[in-house]
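The lines below spell out each chain.
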Amino acid sequence: MDKKTQKNLKKKLESEEKRLTKDLRFFAKKDPKIKGNWRTRFPFLGSDRPSKDESAEEVEEYQKLLPLEHVLELRLKDIDEALDKIKKGNYGSCDNCKKKIEPKRLEAAPEAMLCLKCGKENLQ
Ligand SMILES: [Zn+2]
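Values in this document were obtained by computation on a predicted structure and should not be read as measured data.

Draft legend 1. Inspection of the overall build of the protein chain at higher detail. Assigned secondary structure in the protein chain consists of 4 helices and 2 strands. When the helices and strands of the protein chain are listed from N to C terminus, the series reads α-β-β-α-α-α. Long-range contacts, defined here as pairs at least 24 residues apart, represent 48% of the contacts in the protein chain between residues at least 6 apart. Accessible surface, the protein chain: about 9,500 Å² in total, of which carbon and sulfur atoms supply 53%.

Draft legend 2. Fine view of the coordination of the zinc ion. At 2.2 to 2.3 Å from the zinc ion lie its protein donor atoms, namely Cys94 (SG), Cys97 (SG), Cys115 (SG) and Cys118 (SG). With 4 donor atoms in place around the zinc ion and angles of 105 to 115° between them, the coordination shape is tetrahedral. For the zinc ion, the single-chain donor residues occur in sequence as C-x2-C-x17-C-x2-C. Separated by 21 residues along the polypeptide, cysteine 97 in the loop between helix H2 (52-88) and helix H3 (103-108) and cysteine 118 in helix H4 (residues 116-123) bring together distant segments of the chain. Exposure remark for cysteine 118: the relative accessible area of 6% places this residue in the buried category.

Draft legend 3. Up close: unusual backbone geometry. Positive phi, close to 65°, is recorded for lysine 98, a residue that is not glycine. Relative to the helices and strands, lysine 98 resides in the loop between H2 and H3. Taking the relative accessible area as the measure of exposure, lysine 98 reaches 60% and is therefore exposed.

Draft legend 4. Structural view of the environment of alanine 108. Among the secondary structure elements, alanine 108 is positioned in helix H3. Through-space distance from the C-alpha of alanine 108 to that of leucine 9 is 9.7 Å; in sequence the pair is 99 residues apart.

Criteria and cut-off values
Residues numbered from 1 in each chain as written. Predicted model: local features only at pLDDT ≥ 70, side-chain atom pairs only at ≥ 80, totals over all residues. Heavy atoms only, no water. Helix = DSSP H or I, 4+ residues; strand = E, 2+ residues; numbered from the N terminus. Contact = heavy atoms within 4.5 Å. Areas by Shrake-Rupley, 256 points an atom, 1.4 Å probe, with all protein chains shown as cover. Donors = N, O, S within 2.8 Å, 3.2 Å for Na, K, Ca; no water. Tetrahedral: all angles 85-135°; square planar, octahedral: opposite > 155°, others 65-115°. Buried < 20%, exposed > 50% of the residue type's maximum accessible area, 1.4 Å probe, protein only.

Shown next, in the form of structure tokens:
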């Protein structure tokens, strides 16, 4: 991969990383014990004790946010890994077969760790 392409992809990854971190901070906080792990905050916790109705709403809200937190967290992990690979100089090669990942694939998903072929096999 030429330097210019990699630089562009790195920029994409970095802005995506910022966006995801910002989104996560809305309702979750970083787990200080586990790197890359986030914990969904229980909404409004710490304010005055809610009435029964309010606390049912909070539980519902919390349950809605949990899967979203998980999705964002996983995506952020992939992006961090991709940025790490750029640092180490092995970015753009498939984690599975070590061949080059198709440039078009990286263009669409700069955090891709597998080439098209291995990615498909992984899905099955
Ligand atoms: Zn592969």
